[in-house]
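Observations on the model geometry
Read off the chains here:
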Amino acid sequence: MALSNVLHAPAAGFNFDHAARNAELEGLFDAQIPKPVKTGTTIAGVVFKDGVVLGADTRATSSEIVADKMCSKIHYIAPNIYCCGAGTAADTEKTTELLSSNLTIFSLNSGRNPRVVMAVNILQEMLYRYHGQIGASLILGGVDCAGNHLYTVGPYGSVNTMPYLAMGSGDLAALGILEDGYKPDLELDKAKELVRAAIHAGVMNDLASGNNIDICVLTREGVDHIRPYQVSQYKDKRKTKYKYGAGTTAVLTEKVVPVKLEVVEETVQRMDTA
Amino acid sequence: MVVLKGYGMLRHSRTIMRTAHGRIIQRASKYRIVHDVDLYRMFRIENATQPDVRVFRTESARDGITMNSRGLRSQLKDSVPVAGLCPQGAYGIQDCLRSGFSSVKNELLPSHPLELSEKNFQPNKDKMNFSTLRNIQGLHAPLKLQMEYRAARQIQRLPFLPSSNLALDTLRGNDESIGFEDILCDPAQSEMMGEPHLMVEYNLGLL
């Protein structure tokens, strides 16, 4: 059905038509508005001797309710770059997917693995363009031809690089552990233990972080995404499937009765096999 | 990227604009809206995907030259058109048939903080890039590039059909990157379809 008030095609990209309506509705439906799912979270990263270790918890909250107990916050960007995301869950998810697509196009065009600074620049430009409306705080870690890198990009487009970083609502707790335990050129086990302890501090001291801890180790040889690295001791014991194996219930007696069949009518129908 | 000032070229183009059209755009300081009866038409024609339509502007009392000779700076929109204070029908009154009755309360509504900056994003980016290029390589470089853009912008389907904009995308470098404008609100999948005759007439300025 063609409308006579549409005089040019709608512009692609973000559509702000409902901004005024939403502003009007602001105060009316406070209790019933669904809150966006935030990965209110603890994420941390540490540069060690052979690469980078990233860690994250797995809780996603929607104001006071835990929306997802096994949320994956360590996103794939490139074979040599991974990214932890804190903030609004959808924003981190989509932003990292867009970044990953752009870097894939680049590697297909140039035949090279992308560098971490490219990822950081693309993210910074994208997030600055939207002036913080995209609520994504990200920690990018990767190994490329220039070494091991760890960067953080804030929601307004700020970039920071340090050998150890933490973001999210539990970042203060995690930073305390990192500040205390970090040394340059750590070994792999010590680095994993440091990141685990940092995330654990966030899990214990922050309401919006919890459940399991995931770790991702990036080295020149490859990536080891350990999901989960540490399982929460308050794991839910309810089963999701109720399938019981044979032998669960004991058999008391068994009686076999063969069923006798009588032939009532027999017809033969020729099949044409020609 | 370093932002270098390219005042020379922009001032030059602004003077051209003034003498060709003989019309001065005034800014109302209180409302930050541009007052001009014909502004609606100017805003429409500033859309980058419009083809050149010199031959059809015979009904205008002014010289029938199209707006394409403007520099990039004049294409930046400094406000979102607000219907109540700057009526967009002919003769400066609200077109009740198409846009309904006007009401100041309905029109003075807050817009999104990003609305204006998103509308101006492409012209701003182009302006910055062209002025940097002009400072590095001289005047010929942006002129040649803009000539190519003008040519590519004319490769369009009729207004009610979605155009692929392939040449324009390749020139801009958008064929190698994916952004929100490729994912959200794809015009090819828009649920609203315009009446074809009206859209073509509007495009040609006959409406």
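Residues numbered from 1 in each chain as written. Chains lettered and ligands numbered in written order. Predicted model: local features only at pLDDT ≥ 70, side-chain atom pairs only at ≥ 80, totals over all residues. Heavy atoms only, no water.

**Some words on the overall build of chain B**
Summing up its helical and strand segments, chain B has 10 helices and three strands in all. If you list the helices and strands of chain B from N to C, you get α-β-β-α-α-α-α-α-α-α-α-β-α. Roughly 13,600 Å² of accessible area belongs to chain B as shown, and the carbon and sulfur atoms make up 57% of that amount. (Helix = DSSP H or I, 4+ residues; strand = E, 2+ residues; numbered from the N terminus. Areas by Shrake-Rupley, 256 points an atom, 1.4 Å probe, with all protein chains shown as cover.)

**Some points on the overall build of chain A**
In terms of regular secondary structure, chain A is built from five helices and 14 strands. Taken against the 2.2 N^0.38 rule, which gives 19 Å for 274 residues, the C-alpha radius of gyration of chain A at 27 Å runs more than 25% over that of a compact globule. The principal-axis extent of the C-alpha atoms belonging to chain A is close to 85 × 65 × 55 Å. By sequence separation, contacts in chain A at least 24 residues apart represent 62% of the contacts at least 6 residues apart. A total accessible area of about 16,900 Å² is found for chain A, and carbon and sulfur atoms account for 54% of it. Both charge centroids of chain A, one from 26 positive and one from 30 negative side chains, sit 5 Å from each other. (Rg over C-alpha atoms; globule rule 2.2 N^0.38 Å. Contact = heavy atoms within 4.5 Å. Lys, Arg positive; Asp, Glu negative; His and termini not counted. Charge placed at Lys NZ, Arg CZ, Asp CG, Glu CD.)

**Observations regarding the sheet that holds strand β3 (residues 43-47) of chain A**
All names here are of chain A. Taken in spatial order, the five strands line up as β12-β3-β4-β13-β14 in an open sheet, and their pairing is antiparallel. Sheet topology places β12 (164-167) and β14 (223-230) at the edges, where each strand pairs with a single neighbour. Mean inter-strand twist for the sheet, computed between neighbouring axes without regard to direction, equals 15°. Sheet analysis places β3 next to strand β4 (residues 51-57), joined by five bridges and oriented antiparallel. Counted as the bridge partner of valine 46 is valine 53 from β4. Together, β3 and β12 form the strand contacts of helix α4 (residues 171-181), whose direction differs from that of β12 by roughly 165°. (Pairing = 2+ DSSP bridges. Axes fitted to C-alpha atoms, helices over the stretch in contact; angles between N-to-C directions.)

**Description of the packing of α4(A) against helix α5 (residues 188-205) of chain A**
All names here are of chain A. Following both chains from N to C, one finds α4 and α5 inclined at 150°, their axes separated by 7 Å at the closest point. Relative to α5, the element α4 lies roughly antiparallel. Considering how the two elements wind past one another, α4 and α5 form a crossing that is right-handed. Facing α4, whose interface residues are Ala173, Ala174, Ile177, Leu178 and Gly181, α5 presents Leu194, Ala197, Ala198, Ala201, Gly202 and Asn205. Across the contact of α4 with α5, the residue classes break down as eight nonpolar, three polar and no charged. (Parallel < 35°, antiparallel > 145°, perpendicular 65-115°, else oblique. Left-handed = near helix turned anticlockwise from the far one by under 90°. Nonpolar A, V, L, I, M, F, W, Y, C, P; charged D, E, K, R; others polar.)

**Looking at the interface of chain B and chain A**
In this assembly, 30 residues from chain B lie in contact with 31 residues from chain A. Between chain B and chain A, roughly 3,000 Å² of surface is buried when both sides are summed, and carbon and sulfur atoms account for 71% of that area. For B:Glu118, the salt bridge is made with A:Arg129, and the minimal N-O distance between the two is 3.0 Å. Taken together, the connections running from chain B to chain A amount to four residue pairs in polar contact (both at pLDDT 80 or more). (Buried area = accessible area lost by both parts, 1.4 Å probe. Salt bridge = Lys/Arg side-chain N within 4 Å of Asp/Glu carboxyl O. Polar contact = N/O pair within 3.5 Å; in protein donor to acceptor, adjacent residues only side chain to side chain.)

**Observations regarding the UniProt feature "domain: Proteasome beta subunit C-terminal" (unreviewed entry) in chain A**
Within this numbering scheme, the UniProt entry marks residues 237-268 of chain A as carrying the feature "domain: Proteasome beta subunit C-terminal" (unreviewed entry). Annotated as 0% helix and 0% strand, the span residues 237-268 of chain A places its first and last C-alpha atoms 60 Å apart. (UniProt positions renumbered as here; feature names shortened; annotations may be inferred.)

**Some words on the UniProt feature "active site" (unreviewed entry) in chain A**
Residues and elements named next belong to chain A. Following the UniProt record, the feature "active site" (unreviewed entry) maps to Thr41 here. As for its placement among the helices and strands, threonine 41 is situated in the loop between β2 (38-39) and β3. Accessibility expressed as a relative area gives 1% for threonine 41, which makes it buried. In this view, threonine 41 contacts Asp57, Lys73, Ala86, Met167, Gly168, Ser169, Gly170, Asp206, Ala208 and Ser209; residues no more than four positions away in its chain are not counted. (Buried < 20%, exposed > 50% of the residue type's maximum accessible area, 1.4 Å probe, protein only.)

**Notes on helix α10 (residues 196-204) of chain B**
Residues three or four positions apart in an α-helix share a direction because the helix packs 3.6 residues into each turn. What α10(B) keeps buried is the set B:Leu198, B:Met199, B:Tyr202, B:Asn203 and B:Leu204. A positive backbone phi angle near 85° is found at B:Gly205, which sits one or two residues after α10(B).

**Quick look at the packing of aromatic side chains**
Each aromatic ring pair is characterised by the separation of its centres together with the angle its planes make. Residue and element names in this part refer to chain A. Following the criterion strictly, the structure yields six aromatic pairs over all chains and no others. Here phenylalanine 14 and tyrosine 130 contribute two aromatic rings whose centre-to-centre distance is 5.1 Å and whose plane-to-plane angle is 75°, an arrangement assigned as edge-to-face. Highlighted residues: phenylalanine 14 in the loop between β1 (2-3) and α1 (19-25) and tyrosine 130 in the loop between α3 (116-129) and β9 (136-144), separated in sequence by 116 residues. Relative accessible area serves as the criterion here: at 3%, tyrosine 130 is assigned to the buried category. Taking the centre distance of 5.7 Å and the plane angle of 85° together, the rings of tyrosine 76 and tyrosine 82 count as edge-to-face. (Phe/Tyr/Trp six-rings, centres within 6.5 Å; stacked < 30°, edge-to-face > 60°.)

**Things to note about the nonpolar core**
Residues and elements named next belong to chain A. Counting residues in each nonpolar core, the largest one holds 23 residues, and the members touching the most others are Ile81, Leu99 and Leu140. Secondary structure elements with two or more residues in this core: β7 (74-78), β8 (81-88), α2 (89-110), α3, β9 and β10 (147-153). Considering each element in turn, this core owes the most residues, six residues, to α3. Setting aside residues no more than four positions away along its own chain, leucine 140 makes contact with Ile81, Tyr82, Cys83, Leu99, Ala119, Val120, Leu123, His149, Leu150, Tyr151 and Val153. In terms of nonpolar packing, the next biggest core, distinct from the first, is built from 19 residues, Ala44, Val53, Tyr164 and Ala191 among them. (Core = buried A, V, L, I, M, F, W, Y, C linked by side-chain atoms within 4.5 Å.)

**Some details on the environment of B:Gln146**
When you line up the elements, B:Gln146 lands in helix α7 (residues 140-153). A C-alpha to C-alpha distance of 27 Å links B:Gln146 and B:Glu201, two positions 55 residues apart in sequence.

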